[in-house]
Amino acid sequence: MNPLELADTARRMLANGKGLLAMDESSPTCNERFAALGITPSEASRRAWRELLITAPGLAESIGGAILYDETIHQRCADGTPFVKALTNAGILVGIKVDTGAKALAGHAGEKVTEGLDGLRERLQGYAAIGARFAKWRAVIPMGAGLPSAACVVANAHALARYAALCQEAGLVPVVEPEVLMTGDHSLQRCADVSAQLLHEVFEQLHVQGVLLEGMVLKPNMLLPGLNCSHQHSVDEVADATVTALLRAVPAAVAGIAFLSGGQSAELASARLSAMNRRFKSRLPWALTFSFARAIQQPALEIWRGDPGKVAQAQRALLHRATCNQAARQGDYSPAMENQASPIIGT
Ligand code: 5MM
């Protein structure tokens, strides 16, 4: 591990007001999103979609790193350029999802633990050799009556910390993603309680494993009431609850925090991120930015729908979301930005 290099990579991932583009859906998840829009689920269509994303002109203005999936990191553009080279040439750091998915947690119905530690050292070395500079691992924490259990929280936090230590040994910056799911009817306060418990456990385990905080990025959920909760809170209330919890639980040495979107609409995710940066600007010890998948890709995917004639229009929609989120990182996003963009996107 070279601490200075790790800290430098982590800083570069989020420098100049940029965020991360999460495009690491596993093939089953990608196929599911395609099927919902009538797009043929195949290796060829996944490649074409990912090429559209990474070759969007000007993407590097707002995106510092892209998180790829194992299939994607080995793919090439139609002209033969490897995806890794296309990204690197554009100035976008290459990341790779290295967990092998969330599997049923023994003895705990309805809960999962993320797997992928076996052979991870060798896989990380392989990814680093082909140009990856950071990695990602996602833990999934469900909400419900009696959930999550301490067993689920501790097992997932432990795995995240062991993954992070292995990444740093291989010279890769770990993106540590503990996600409290939005599914359910829980209140904002309940999400805050569980998120706080989870974050404390994650940082305890990271400390036990000796993970360098300056050389990692946290990818948490925003604090939100469940999707079926009868009381949905204002943008400012969500911003205040989220940042208050993070300030209490995340050490100032961490390089940055890049949120997942978790199923929020693209516009709400931008508005909430912007409110956090606007309201807490002078009090944030870390970069507070985005690492969205659905909230940045979905509008473009709905335009593309597998049609080669719609590539340019879809790329403009992607850039629009990336630009909105870059503004949100400065606290400067406003819903008016959505109207400004529609004539361009519609052409
Ligand atoms: C929570 O999921 C991550 C962020 O995506 P959203 O912004 O859409 O919430 C995302 O990076 C996720 O880990 C990948 O899409 C991979 O998911 P699967 O389920 O395919 O492993």
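Structure shown above.
Bear in mind the structure is a predicted one, so any value in this text is a computation, not a measurement.

Some thoughts on the overall build of the protein chain
Stage number 1. The helix and strand inventory of the protein chain stands at 13 helices and 10 strands.
Stage number 2. Taken over C-alpha atoms, the radius of gyration comes to 19 Å for the protein chain, in line with the 20 Å a tight globule of 347 residues would show.
Stage number 3. When the backbone C-alpha atoms are referred to their principal axes, the protein chain occupies close to 50 × 45 × 40 Å.
Stage number 4. Looking at the protein chain residue by residue over its 347 residues, the buried ones come to 56%.
Stage number 5. Pairs at least 24 residues apart make up 78% of the contacts formed inside the protein chain by residues separated by at least 6 positions.
Stage number 6. Total accessible area computed for the protein chain in this model is approximately 13,800 Å², and 52% of it derives from carbon and sulfur atoms.
Stage number 7. Across the protein chain, 32 positive and 32 negative side-chain charges occur, with their mean positions spaced 3 Å apart.

Side note on the side chain of Ser26
Stage number 1. Turning to its location among the elements, Ser26 is positioned in the loop between β1 (19-22) and α2 (27-36).
Stage number 2. Of the residues examined, Ser26 reaches a relative accessible area of 19% and is grouped as buried.
Stage number 3. Each residue touching Ser26, except ones within four places of it in the same chain, is listed here: Tyr69 and Lys97.

Thoughts on the site of the ligand
Stage number 1. Near the ligand lie 17 residues; those nearest to it are Thr29, Lys136, Ser261, Gly262 and Arg294.
Stage number 2. Within the contact set of the ligand, an oxygen atom lies 2.6 Å away from a side-chain nitrogen or oxygen of Arg294.
Stage number 3. Among the elements of the structure, β6 (134-141) and β7 (173-180) are those that each provide at least two residues to the shell around the ligand.
Stage number 4. A breakdown of the residues in the shell around the ligand according to their chemical character gives 4 nonpolar, 4 polar and 9 charged.

Here's the deal with the packing of α2 against helix α3 (residues 43-54)
Stage number 1. Following both chains from N to C, one finds α2 and α3 inclined at 85 degrees, their axes separated by 11 Å at the closest point. One element, α2, and the other, α3, form an angle in the roughly perpendicular class. Here Ser27, Cys30, Asn31 and Phe34 of α2 come into contact with α3, specifically with Ser45, Arg46, Trp49 and Arg50.
Stage number 2. Looking at the contact of α2 with α3, its residues break down into 3 nonpolar, 3 polar and 2 charged.

Points about helix α11 (residues 294-304)
Stage number 1. Residues of α11 that are buried: Ala295, Ile296, Gln297, Ala300, Leu301, Ile303 and Trp304.
Stage number 2. Arg305 occupies a position one or two residues after α11 and carries a positive phi of about 45 degrees.

Describing the environment of Lys310
Stage number 1. Note on placement: Lys310 falls in the loop between α11 and α12 (311-329).
Stage number 2. Taking the C-alpha atoms as reference points, Lys310 and Ile67, 243 residues apart in sequence, are found 24 Å from one another.
Stage number 3. Dropping the residues within four chain positions of it, Lys310 is found in contact with Ile303 and Trp304.

Considering the environment of Val250
Stage number 1. Position of Val250 relative to the elements: it lies in the loop between α9 (235-249) and β9 (256-259).
Stage number 2. With 51 residues separating them in the primary sequence, Val250 and Leu199 have C-alpha atoms 7.3 Å apart.
Stage number 3. With residues near it in sequence (within four places) discarded, Val250 still touches Phe203, Leu218, Ile257 and Trp286.

Some details on the side chain of Ser195
Stage number 1. On the secondary structure map, Ser195 appears in helix α8 (residues 188-208).
Stage number 2. A polar atom in the side chain of Ser195 sits 2.8 Å from the backbone oxygen of Cys191.
Stage number 3. Sequence-distant contacts of Ser195, defined by excluding residues within four places in its chain, comprise Val180, Asn221 and Leu223.

Some details on the pairing of β9
Stage number 1. Alternating residues of β9 divide into Gly256 and Ala258 and Ile257 and Phe259, and every residue in both groups is buried.
Stage number 2. Relative to β9, strand β8 (residues 217-218) runs parallel, the two sharing 2 bridges. For Leu218, the partnering residue across the bridge sits in β9 and is Ile257.
Stage number 3. At this point the chain moves from β8, through α9, to the parallel β9, and the crossover so formed is right-handed.
Stage number 4. Bridge count between β9 and strand β10 (residues 287-292): 4 bridges; the pairing is parallel.

Some details on the sheet that holds strand β3 (residues 93-97)
Stage number 1. Around the barrel, which closes on itself, the 8 strands sit in the order β1-β2-β3-β6-β7-β8-β9-β10 with parallel pairing between neighbours.
Stage number 2. The pairing of β6 with β7 spans 8 bridges and is classified as parallel. In the sheet register, Ile141 faces β7, and the bridge partner there is Val180.
Stage number 3. Docked against the sheet, helix α1 (residues 3-13) engages β1, β2 (63-68), β3, β6, β7 and β8, running at close to 55 degrees with respect to β7.
Stage number 4. Along the sheet, α9 contacts β8, β9 and β10; its crossing angle with β9, the most-contacted strand, is approximately 145 degrees.

About the thresholds
- Residues numbered from 1 in each chain as written.
- Predicted model: local features only at pLDDT ≥ 70, side-chain atom pairs only at ≥ 80, totals over all residues.
- Heavy atoms only, no water.
- Helix = DSSP H or I, 4+ residues; strand = E, 2+ residues; numbered from the N terminus.
- Rg over C-alpha atoms; globule rule 2.2 N^0.38 Å.
- Buried < 20%, exposed > 50% of the residue type's maximum accessible area, 1.4 Å probe, protein only.
- Contact = heavy atoms within 4.5 Å.
- Areas by Shrake-Rupley, 256 points an atom, 1.4 Å probe, with all protein chains shown as cover.
- Lys, Arg positive; Asp, Glu negative; His and termini not counted.
- Charge placed at Lys NZ, Arg CZ, Asp CG, Glu CD.
- Near = heavy atom within 4 Å.
- Polar contact = N/O pair within 3.5 Å; in protein donor to acceptor, adjacent residues only side chain to side chain.
- Nonpolar A, V, L, I, M, F, W, Y, C, P; charged D, E, K, R; others polar.
- Axes fitted to C-alpha atoms, helices over the stretch in contact; angles between N-to-C directions.
- Parallel < 35°, antiparallel > 145°, perpendicular 65-115°, else oblique.
- Pairing = 2+ DSSP bridges.
- Right-handed = clockwise from strand over helix to strand, strands pointing away.

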